[in-house]
Every structure is written in structure tokens, then in C-alpha cells.
Amino acid sequence: MEWIYALAIGVLTGSGVWLLLRPRTFQVIMGLSLLSYAVNLFIFSMGRLTVGRPPVLENGVPSDPSLYADPLPQALVLTAIVIGFATTALFLVVLLASRGLTGTDHVDGREPES
């Protein structure tokens, strides 16, 4: 399971960096979104990848940390998802305003000369 997680994080990071290097602003925004998804998966995996374990402590059970899932990375990822969604919405509004003012969606503001 760890290999699948590592592969997913690597693919998202590679795709995000590739899109960040593209000349169009929409592709840059999608690259930032993919990078944020990769970081969210990475943070989520820091809480130990366990299946079927309780997320919080229970009364009467020994308090061995290896018996529980860590809820802190889950809370951090949930917060990051909300912030990432709001940031992406803001970027899209700025993209539309910039395209309306300049007439192009290139990062540097002008079309390449052919």
C-alpha cells in the first residue's frame, strides 16, 4: 500500500511541476492544484497508513500510540483542502480578469510570435 501511495504522490508532483512550466495561466493553476493534492497525500500519509484502527483513544485500553490512527494529519489535510479550493477559485477569478484586460492567457501577457 505504501508503494501505491508513493507512486501517486510522485505522479501528482511530476504532473504538477510539468504543468507549472507551461506558458498558459490555466495550466499553471492546474499544476498548482495537482501539487497541493500531492502535498495533501504526503501529509495524510504521515499519520501512518493503517486500516481498521480507531482514530481516537478509548477508555480502558492501554495508550500505546501504535494502536491508533493519528487524527492530526487528517485535520490538517481537511483544512488544506478547504484553503486550496478557495485559493483555486481566487486564481480562476484573477485569470478571467487578466484575460479580459489583456486578451491573452499567456503567463507573460503576450502571444508567441510565429
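Note that the structure is a prediction, hence the values are computed from the model and not measured.

Considering the packing of helix α1 (residues 2–20) against helix α2 (residues 25–45)
Remark: α1 packs on α2, axes separated minimally by 7 Å, with the N-to-C direction vectors making an angle of 155°. With respect to their mutual orientation, α1 and α2 come out roughly antiparallel. Both α1 and α2 take part in a crossing whose hand is left-handed. Its residues placed into classes, the contact of α1 with α2 shows 17 nonpolar, 6 polar and no charged.

Describing α2
Under the 1.5 Å per step criterion, the end-to-end length of α2 is 30 Å for 21 residues, consistent within 8% with the ideal 30 Å. Within α2, burial applies to Val 28, Ile 29, Gly 31, Ser 33, Ala 38, Asn 40 and Ser 45.

With respect to the UniProt feature "transmembrane region" (unreviewed entry) in the protein chain
Here the UniProt-annotated "transmembrane region" (unreviewed entry) positions come out as residues 6–21, 28–47 and 75–97. Structurally, residues 28–47 is divided into 90% helix and 0% strand, and its ends, taken at the C-alpha atoms, are 30 Å apart. Segment residues 75–97 splits into 100% helix and 0% strand. End C-alpha atoms: 34 Å apart.

Cut-offs used in this document
Residues numbered from 1 in each chain as written. Predicted model: local features only at pLDDT ≥ 70, side-chain atom pairs only at ≥ 80, totals over all residues. Heavy atoms only, no water. Axes fitted to C-alpha atoms, helices over the stretch in contact; angles between N-to-C directions. Helix = DSSP H or I, 4+ residues; strand = E, 2+ residues; numbered from the N terminus. Parallel < 35°, antiparallel > 145°, perpendicular 65-115°, else oblique. Left-handed = near helix turned anticlockwise from the far one by under 90°. Nonpolar A, V, L, I, M, F, W, Y, C, P; charged D, E, K, R; others polar. Expected span 1.5 Å × (residues − 1). Buried < 20%, exposed > 50% of the residue type's maximum accessible area, 1.4 Å probe, protein only. UniProt positions renumbered as here; feature names shortened; annotations may be inferred.

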